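# Working through the structure, step by step
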Amino acid sequence: MSADKKNRFRDMLISLRERARGEVNHVVLAIQEEVNVNANTSAAPVHMADIASEAVDADVQVLQNERSILDDINAALARLDDGTFGKCTECGRGISEERLKAIPYASACVECARTEANRSY
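### Focus on the overall build of the chain
For the chain, the count of helices and strands is 5 helices and 0 strands. Considering the chain as a whole, with its 121 residues, one finds that 26% of them fall into the buried category. Element-wise, carbon and sulfur atoms account for 49% of the exposed surface of the chain, whose accessible area totals about 8100 Å².

Okay, structure coming up:
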């Protein structure tokens, strides 16, 4: 992969990372607001699980997904730095440029990603 393409992918990943960080911060604030609305007004200690609502549960799921994407983005940036970006971490073959354009933080080729998805079911 040319240095120019690597730089374009780096820019894409950095942009995605900033968006993901913003989303994580937004969801954290939403969870805090939801908890504050539902908080017990007494002085007794309250555990998060005691006041969690369905909205908070959904926000926590979104937060986990966004953090997972953020981890994937950071791993892709590390692969750019160590020269392994664009190579499947499972089989070592190249990841198609079309796949990287669609999912710049992809760590697996289509075949290996498909195999992993089938194992998950």
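### Here's the deal with the packing of aromatic side chains
Going through the model one piece at a time under the given rule, you end up with 1 aromatic pair. Each ring, one from phenylalanine 9 and one from phenylalanine 85, has its centre 5.3 Å from the other, and the planes form 50 degrees; the classification is tilted. Remark: phenylalanine 85 occurs in the loop between α3 (54-82) and α4 (97-102) and phenylalanine 9 occurs in helix α1 (residues 3-38); sequence separation between them is 76 residues. Like phenylalanine 9, the residue phenylalanine 85 is buried in the burial classification.

### Some thoughts on the nonpolar core
In terms of nonpolar packing, the biggest core is built from 17 residues, with Leu13, Ile73, Phe85, Cys88 and Leu100 touching the most fellow members. When residues of this core are traced back to their parent elements, those giving at least two are α1 and α3. Considering every element that reaches this core, the biggest residue donor is α3, with 5 residues. Contacts of isoleucine 73, omitting those with residues within four sequence positions, involve Leu13, Leu16, Arg17, Ala20 and Tyr105. If you look at the next biggest cluster of nonpolar residues, it comprises 6 residues, including Val27, Ile31, Val35 and Leu63.

### What about the environment of glutamate 90?
With respect to the helices and strands, glutamate 90 occurs in the loop between α3 and α4. Along the chain, glutamate 90 and glutamate 116 lie 26 residues apart, while their C-alpha atoms are 9.9 Å from each other.

### Some details on the state of the cysteines
Inspection of the entire model under this criterion finds 0 disulfides. Just so you know, cysteine 91 is unpaired, no disulfide at all, and the nearest cysteine sulfur is the one on cysteine 88, 3.7 Å from it. Lacking any disulfide linkage, cysteine 112 is separated from the closest cysteine sulfur, that of cysteine 109, by 3.7 Å.

### Focus on the pattern of salt bridges
Opposite charge on two side chains permits pairing when their charged atoms draw close. Applying the stated criterion to the full structure yields 7 salt bridges. In this structure, lysine 5 and glutamate 97 form a salt bridge, with 2.8 Å as the shortest nitrogen-oxygen distance. Of this pair, lysine 5 sits in helix α1 while glutamate 97 sits in helix α4; the two residues are 92 residues apart in sequence, bridging distant segments of the chain. Residue lysine 5 is classed as partly exposed on the basis of its relative accessible area, which comes to 28%. Three or more residues are tied together by salt bridges with common partners; here these are Lys5, Glu97 and Lys101.

Definitions and limits used
Here the residue index of a chain counts from 1 through its sequence in written order. Restriction of local features to residues with pLDDT of at least 70 applies here, the model being predicted, together with a cutoff of 80 or more for giving and counting side-chain atom pairs; totals for whole chains, interfaces and linings are based on all residues. Note: side-chain values were computed over all heavy atoms of the structure, leaving out hydrogens and water. Helical segments are the DSSP runs of H or I of at least four residues, strand segments are the runs of E of at least two, and each set is numbered from the N terminus. For every residue, the accessible area obtained with a 1.4 Å probe (protein chains only) is divided by the maximum for its type, and the residue is called buried under 20%, exposed over 50%, and partly exposed between those limits. Accessibility throughout is a Shrake-Rupley quantity obtained with a 1.4 Å probe, and a residue counts as covered only by protein chains that appear here. Two aromatic rings from Phe, Tyr or Trp, using only the six-membered ring of Trp, form a pair when their centres are within 6.5 Å; if the ring planes differ by under 30 degrees the pair is stacked, by over 60 it is edge-to-face, and anything between is tilted. Residues belong to a common nonpolar core when they are buried Ala, Val, Leu, Ile, Met, Phe, Trp, Tyr or Cys residues joined through side-chain atoms within 4.5 Å. A contact between two residues is defined here by any heavy atoms of the two lying within 4.5 Å. Note on terminology: pairs of cysteine sulfur atoms within 2.5 Å are recorded as disulfides. Should a side-chain nitrogen of Lys or Arg be within 4 Å of a carboxyl oxygen of Asp or Glu, the pair is scored as a salt bridge.

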